Amino acid sequence: MTHEPSKKYNCIIVEDEPIASEILENFISRDPELNLVGKCADAVYASSLLSIHDVDLMFLDLHLPVVKGFDFLRKVKNPPFVIVTTAYHQYAVEGYELDITDYLMKPIPYERFQAAIGKFKHLIMAEDALLEVSERDFIFINSGKKQIKIILQDVLYIESLREYINIHMKTGTFTFKMPISKIEEALNPKIFTRIHKSYIISRSKIEEKSANIIQINGKKLPVGRTYKPLMEL
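Because the structure is predicted, anything quoted here is derived from the model rather than measured.

Here we look at the sheet that holds strand E15 (residues 219–222)
- A sheet is described by the order of its strands in space; here 3 strands give the open sequence E13-E14-E15, paired in antiparallel fashion. Taken across any chain shown, the strands that pair with only one partner, and hence form the sheet edges, are strand E13 (206–209) and E15. Sheet twist, expressed as the average angle between the axes of neighbouring strands with direction ignored, equals 30°.
- The pairing of strand E14 (residues 213–216) with E15 spans 4 bridges and is classified as antiparallel. Considered in E15, the bridge of isoleucine 213 is made with proline 222.

Written as structure tokens, this is what we have:
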């Protein structure tokens, strides 16, 4: 009897204190589901790691040289899950406004690290569950402790607002914390098309279209330059 290998989650460490970085690396190495793909000491290198690797989880120190942790995080498009590491408790409120996964105070006890990883795994598994229903005519999306049923034929278009999406439907608009790329993976490309970095449309709901504009439900949506070939399909 063969066992499926456990899922691996790619992590990076963004930390300018070598000892703190080594401690985190040691903790990560004890969890067979975590895979450290890179570590660095500043935001510029962190941006490079995020562009090279498909990162699931970032350990982010706040007191980085030049660009501070939260300033860097605000600029990241579709950020991975983030566990903040810091010696300063006064930043916790700002961290939760940015919807970080957890907030670890240095020096970090191993048990506290494990609790943060447990929280991360719960959240990412909830996201992954969305992808398993992509062939149905509806999907469930997690919203806090509830799951909201979205009937796909009622969707007009989906709009990205940084780490949130608005799903515009005949009956109203639903907002979820999720990158637009994540829901794009769950949708049938024969029915839904990405027309812009901020918009996915239901093809059957198009009222008017030109080279640069798609109109749905009276709303004019821009067609991004890189997405124009898709609109000719």
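Section: helix H2 (residues 43–52)
- Buried within H2 are the following residues: Ala43, Ala46, Leu49 and Leu50. For H2, the angular spread of the buried residues around the axis is 110°, confining them to a single face. Residues of H2 that are exposed and angled more than 90 degrees away from the buried face: Val44, Ser51 and Ile52.
- Check the buried side of H2 and you find it contacts strand E1 (9–14), strand E2 (34–40), strand E3 (57–61) and helix H3 (69–75).
- N-cap assignment for H2: the residue whose side-chain oxygen lies 3.0 Å from the backbone N of valine 44 is aspartate 42.

Conventions used here
- Residues numbered from 1 in each chain as written.
- Predicted model: local features only at pLDDT ≥ 70, side-chain atom pairs only at ≥ 80, totals over all residues.
- Heavy atoms only, no water.
- Pairing = 2+ DSSP bridges.
- Helix = DSSP H or I, 4+ residues; strand = E, 2+ residues; numbered from the N terminus.
- Axes fitted to C-alpha atoms, helices over the stretch in contact; angles between N-to-C directions.
- Buried < 20%, exposed > 50% of the residue type's maximum accessible area, 1.4 Å probe, protein only.
- Arc of directions from axis to C-beta.
- Contact = heavy atoms within 4.5 Å.
- Polar contact = N/O pair within 3.5 Å; in protein donor to acceptor, adjacent residues only side chain to side chain.

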